[in-house]
Amino acid sequence: MTNKRICIYFHVSSSVFSPPPSTSTLFSIDPISMASSLGDNFNLLSPQQQELVKMLLDNGQEHLFRDWPAPGVDDDHKNAFFDQLTRLDSSYPGGLEAYITNAKRLLADSKAGRNPFDGFTPSVPTGETLAFGDENYIKFEEAGVLEARKAAFVLVAGGLGERLGYSGIKLALPAETTTRTCFVQNYIESILALQEASSQGESQTQIPLVIMTSDDTHGRTLELLESNSYFGMQPTQVTLLKQEKVACLEDNDARLALEPQNKYKIQTKPHGHGDVHALLYSSGILKVWYEAGLKWVLFFQDTNGLLFKAIPSALGVSAAKQYHVNSLAVPRKAKEAIGGITRLTHSDGRSMVINVEYNQLDPLLRASGYPDGDVDCETGYSPFPGNINQLILELGHYIEELSKTGGAIQEFVNPKYKDASKTSFKSSTRLECMMQDYPKTLPPSARVGFTVMETWLAYAPVKNNAEDAAKVPKGNPYHSATSGEMAIYRANSIILRKAGVQVADPVVQVFNGQEVEVWPRITWKPKWGLTFNRIKSKVSGNCSISLRSTLAIKGPNIFIENLSVDGALIIDAVDDAEVNVSGSVQNNGWVLETVDYKDASEPEVLRIRGFKFNKIEQLETKYSEPGKFHLKA
């Protein structure tokens, strides 16, 4: 592809925003001391490497060079070691010195058991709660579609599917197996549907997409996009930003950890998806977007098949409320294992609206005058909505803040100690940061709010493997490939019900040890059903879908009127084909069959779900030419 543009940047983020140390600090160790640590290897170093070594020795890292052989032995390994050090130093704001300084402070806080929320009092922040399909929801949804032409999307996708029992990258995993549409295809087709709908007859503005990758996912993500022609998106719309890892730490003194079998290599681990902010800032892409007239940046994660059903209305809320930060949220049961969006006010007057993890929220409330802690209110849910790690940021304000911080996000450390003395670790640790902690650095004047959507509409992440999901206490979400796919069918069934279609009630079945609601298997392309108003305009008369049915709609201009489906119906039409479908479809359909997740004879994508389709019979029609057509079943 001659017009392909894939940009790769390397960066991570920091929680210290102080200026770099002075030259006098860098050279506080004299050359004699350095030479005694490195021996004659000192002469192998470039001037820049000498400065880096001096800084490391000044910060307690003498062990990195211990027992090095004389020059002429392992010189290639030594050079590779310095290449790694240089990369780690350049990819962290403030360099390795800032990283070590941050680590010493955070490790000391961890050992002392300091409460990061000491002095803060929690309260319920201001936000918007939407009910799908009502007048208020539709108003925001239609407004959000218009705003989409001024939006850019950022997909955080640095992880593999190993935790799911899937050997590929998570973006390649089918969101549902009726059409085998993978997650990244669903996301791209949703963005393209927004792009077309927001043009309002004008020339289309290309909506940019950034995908943050890692060493683990970068090559496979690029291959997935290229081999599928970017799923219809122009290659110039897509930018890959590759995230670097950070150095591991071996003890409370923040000494950098070497690989056990290689004294010329530092252990590294992922720093967390909070790196995305520094990556965007350092790449210069935010300025390009701003100069192009864009206003919004939407952040989302890699395996939530429902997300784009909620994005238009949430974007409409951001525009109406003029939020600088809008966190998408869902109703949350008290003490549920999901973070809560919370306003924290400090005794010194500072305040911020951020995600507080569930295991921190309850004790924080109890310590702040709420004797019962995190409890449900009259709505049956906690007053603190559940964070789903999807953010909408106002671009101008975002750039203004990042220009102060360089995209640095407050970090945390989570060492696993060998014993109660907290003097040594079971294994090396590292600093981490989270994308949703961006508001922690904002001034009180920032307009930070949230938009609560019903869970069935907005949130069905796929992150737990079959075995772990089966151990989840009854009544709690499984967040597995099984529940994620069934949630898509449930959402589509409920939406069609609200549009006037008679959709059969679900039944409960068990797959891979998980009790899930099984609805008719209904799917459609984003261009067909981008908004509720659009769906209602394409469904009319007396329509019904039985429980055993499968319905897949692939095309933007397919209209259903007085249609009864009892079996399997697949309609595939090009954009310029208008198809009117009516009558009664009755056939043997597609039957759901159980798959054991331990059955190696089945593909991974089926094993992790616990079911597959036996495609016995279907009515399948394809319209590959423009024109008007009528399918009378």
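Since this is a predicted model, take the numbers as computed values, not measurements. (Residues numbered from 1 in each chain as written. Predicted model: local features only at pLDDT ≥ 70, side-chain atom pairs only at ≥ 80, totals over all residues. Heavy atoms only, no water.)

Caption draft 1: Looking closely at the overall build of the protein chain. Within the protein chain one finds 18 helices and 31 strands. Taking 633 residues into account, the globule formula puts the C-alpha radius of gyration at 26 Å, and the protein chain, at 27 Å, falls close to it. Projected onto the principal axes, the alpha-carbon positions of the protein chain cover approximately 90 × 60 × 50 Å. Across the 633 residues that make up the protein chain, the buried fraction comes to 55%. In the protein chain, once contacts between residues fewer than 6 apart in sequence are set aside, the share between residues at least 24 apart is 72%. (Helix = DSSP H or I, 4+ residues; strand = E, 2+ residues; numbered from the N terminus. Rg over C-alpha atoms; globule rule 2.2 N^0.38 Å. Buried < 20%, exposed > 50% of the residue type's maximum accessible area, 1.4 Å probe, protein only. Contact = heavy atoms within 4.5 Å.)

Caption draft 2: Quick look at the nonpolar core. In this structure, Phe153 and Leu496 are the most contacted members of the largest nonpolar core, which totals 100 residues. For this core, the element with the highest residue contribution is helix 7 (residues 183-198), accounting for 9 residues. Counting contributing residues per domain, this core is built from domain 2 (120-463) and domain 3 (469-632), each supplying no fewer than three. Leaving out residues up to four positions away in the same chain, phenylalanine 153 has contacts with Ile191, Leu194, Ile207, Pro208, Leu209, Val210, Leu298, Phe300, Phe308 and Ile311. In terms of nonpolar packing, the next biggest core, distinct from the first, is built from 35 residues, Leu64, Phe81, Ile100 and Val246 among them. (Core = buried A, V, L, I, M, F, W, Y, C linked by side-chain atoms within 4.5 Å. Domains from an automatic or database assignment.)

Caption draft 3: The arrangement of the sheet that holds strand 21 (residues 521-524) in detail. Strand order across the open sheet formed by 4 strands is 21-24-26-30, with parallel pairing between neighbours. Where the open sheet ends on each side, the last strands, each with one partner, are strand 21 and strand 30 (619-623). Strand-to-strand twist across the sheet, computed as the mean angle between neighbouring axes with direction ignored, equals 5 degrees. (Pairing = 2+ DSSP bridges. Axes fitted to C-alpha atoms, helices over the stretch in contact; angles between N-to-C directions.)

Caption draft 4: A look at the pairing of strand 14 (residues 386-394). Here strand 14 lies mainly inside the structure; 9 of its 9 residues are buried. Going residue by residue along strand 14, you find Gly386, Ile388, Gln390, Ile392 and Glu394 tucked away on one face and Asn387, Asn389, Leu391 and Leu393 tucked away on the opposite face as well. Across 4 bridges, the pairing between strand 10 (residues 296-301) and strand 14 is antiparallel. Bridge pairing in strand 14 links valine 297 to leucine 393. Bridge count between strand 11 (residues 325-330) and strand 14: 6 bridges; the pairing is antiparallel. For asparagine 326, the partnering residue across the bridge sits in strand 14 and is isoleucine 392.

Caption draft 5: Representation of helix 9 (residues 275-283). Summarising burial for helix 9: 7 of the 9 residues are buried, a large majority. Those residues of helix 9 lying buried are Asp275, Val276, His277, Ala278, Leu279, Leu280 and Ser283. Among the residues trailing helix 9, glycine 284 stands out with phi positive, at a value near 80 degrees.

Caption draft 6: Structural context of the packing of helix 3 (residues 47-58) against helix 4 (residues 75-90). Packing of helix 3 against helix 4 leaves a shortest axis separation of 11 Å and a crossing angle of 75 degrees. On the basis of the axis angle, helix 3 is roughly perpendicular to helix 4. Residues Gln49, Leu52, Val53, Met55 and Leu56 of helix 3 form the contact with helix 4, whose own contacting residues are Phe82, Leu85, Thr86 and Asp89. Here the contact of helix 3 with helix 4 is composed, by residue class, of 6 nonpolar, 2 polar and 1 charged. (Parallel < 35°, antiparallel > 145°, perpendicular 65-115°, else oblique. Nonpolar A, V, L, I, M, F, W, Y, C, P; charged D, E, K, R; others polar.)

Caption draft 7: Representation of the side chain of arginine 609 within the structure. By secondary structure assignment, the location of arginine 609 is in the loop between helix 18 (604-607) and strand 29 (611-615). Non-local contacts of arginine 609, meaning those with residues more than four positions away in its chain, are made with Leu173, Pro174, Ala175, Glu176, Thr177, Ala481, Thr482, Glu485, Phe511 and Asn512.

Caption draft 8: Here's a closer look at unusual backbone geometry. Phi at asparagine 512 takes a positive value of approximately 50 degrees, unusual for a residue other than glycine. With respect to the helices and strands, asparagine 512 occurs in the loop between strand 19 (507-511) and strand 20 (514-518). Among the residues examined, asparagine 512 registers a relative accessible area of 10% and is labelled buried. With a phi angle near 50 degrees, asparagine 562 is a residue other than glycine that sits in the positive phi range. Here asparagine 562 lies in strand 25 (residues 558-566).

Caption draft 9: Summary view of the pairing of strand 13 (residues 351-356). With 6 of 6 residues buried, strand 13 lies mostly within the body of the structure. Bridge analysis of strand 12 (residues 340-346) against strand 13 gives 6 bridges, and the strand direction is antiparallel. Bridge assignment links leucine 344 to a residue of strand 13, and that residue is methionine 352. The hairpin formed by strand 12 and strand 13 contains 4 residues between the paired strands, and glycine 349 there has a positive phi angle of roughly 100 degrees.

Caption draft 10: View of the domain arrangement of the protein chain. Each domain of the protein chain was delimited in the assignment, giving domain 1 (31-91), domain 2 (120-463) and domain 3 (469-632). With centres defined by C-alpha atoms, the gap from domain 1 to domain 2 works out at 38 Å. Taken together, the contacts link 18 residues of domain 1 with 14 residues of domain 2. For the pair domain 1 and domain 2, the two sides together bury roughly 1300 Å², of which 57% comes from carbon and sulfur. At the junction of domain 1 and domain 2, the tally comes to 1 salt bridge. (Buried area = accessible area lost by both parts, 1.4 Å probe. Salt bridge = Lys/Arg side-chain N within 4 Å of Asp/Glu carboxyl O.)

Caption draft 11: Representation of the environment of asparagine 304. If you trace the backbone, asparagine 304 turns up in the loop between strand 10 and helix 11 (307-321). Sequence-distant contacts of asparagine 304, defined by excluding residues within four places in its chain, comprise Phe183, Tyr187, Gln390, Ala458, Tyr459, Ala460 and Pro461. A distance of 3.1 Å separates a polar side-chain atom of asparagine 304 from the backbone nitrogen of alanine 460. (Polar contact = N/O pair within 3.5 Å; in protein donor to acceptor, adjacent residues only side chain to side chain.)

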